[in-house]
Amino acid sequence: QVQLVESGGGLVQAGGSLRLSCAASERTFSSVTMGWFRQAPEKEREFVARIFWDGVVTYYADSVKGRFTISRDNAKNTLYLQMNSLKPEDTAIYYCAAAGRAYEYSTESKRYTYWGQGTRVTISS
């Protein structure tokens, strides 16, 4: 079973940057699509970004496009989310997730099999 551990969350001012990391416990990480999701207080979990197994193709939610960058280092079994120009509405718990296959096009959370425990991101205005 794949275990995912997020880190890098914190409190920053609007306009600032954060880099989230997600460490995976197994080599199978390198063969599946990985994604970032977030859940703000009293809101449903929403898709943020995803990256195919090879790290070449990425896809973003409109709300973060141009500000966030997803990447992965398969040699280190690690997923990243670089977040720039942060806004108060980016405040949420951020989760990394592993899909069950190399090319997962869906942005629905139910298509992702393994989840981390989340890391909290708070953006002050």
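In this text the structure is predicted, and so the values were computed from the model without any measurement. (Residues numbered from 1 in each chain as written. Predicted model: local features only at pLDDT ≥ 70, side-chain atom pairs only at ≥ 80, totals over all residues. Heavy atoms only, no water.)

Visitor: Now, about unusual backbone geometry: what can you tell me, with residues and values included?
Guide: Here the phi dihedral of E42 falls at roughly 65°; this positive angle occurs in a residue that is not glycine. Residue placement: E42 occurs in the loop between β4 (34–39) and β5 (46–51). The exposure class assigned to E42 is exposed, which follows from its relative accessible area of 86%. Even without a glycine there, the phi angle at S85 is positive, about 50°. Residue placement: S85 occurs in the loop between β8 (78–83) and β9 (92–99). (Helix = DSSP H or I, 4+ residues; strand = E, 2+ residues; numbered from the N terminus. Buried < 20%, exposed > 50% of the residue type's maximum accessible area, 1.4 Å probe, protein only.)

Visitor: Tell me what's going on with the sheet that holds strand β1 (residues 4–7), and back it up with residues and numbers.
Guide: Here 4 strands make up an open sheet; going across it, the order is β1-β3-β8-β7 and the pairing antiparallel. With one partner strand each, in any of the chains shown, β1 and β7 (68–73) form the two edges of the open sheet. The mean angle between the axes of side-by-side strands here comes to 15°, regardless of whether they run parallel or antiparallel. (Pairing = 2+ DSSP bridges. Axes fitted to C-alpha atoms, helices over the stretch in contact; angles between N-to-C directions.)

Visitor: Residue-level account of the environment of R45, with values.
Guide: Its location among the elements puts R45 in the loop between β4 and β5. Separated by 67 residues in the primary sequence, R45 and Y112 have C-alpha atoms spaced 13 Å apart. Excluding residues within four positions of it along the chain, R45 makes contact with F37, R38, Q39, Y95 and W115. (Contact = heavy atoms within 4.5 Å.)

Visitor: Could you give an account of a nonpolar patch on the surface, with specific residues and numbers?
Guide: Together, W53, Y103 and Y105 make up an exposed nonpolar region whose accessible area comes to about 350 Å². In this structure, Y103 sits in the loop between β9 and β10 (112–115). (Patch = residues over 30% accessible without salt bridge, like charges linked within 9 Å, V, L, I, M, F, W, Y side chains within 5 Å. Areas by Shrake-Rupley, 256 points an atom, 1.4 Å probe, with all protein chains shown as cover. Salt bridge = Lys/Arg side-chain N within 4 Å of Asp/Glu carboxyl O.)

Visitor: Lay out the state of the cysteines in plain terms, naming residues and giving numbers.
Guide: What the rule picks out here adds up to 1 disulfide. Disulfide partner of C22: C96, at an S-S distance of 2.0 Å. The sign of the S-S torsion, about 50°, decides the handedness of the disulfide formed by C22 and C96: right-handed. Placement of the pair is C22 in strand β3 (residues 18–24) and C96 in strand β9, with a sequence separation of 74 residues. (Disulfide = S-S within 2.5 Å.)

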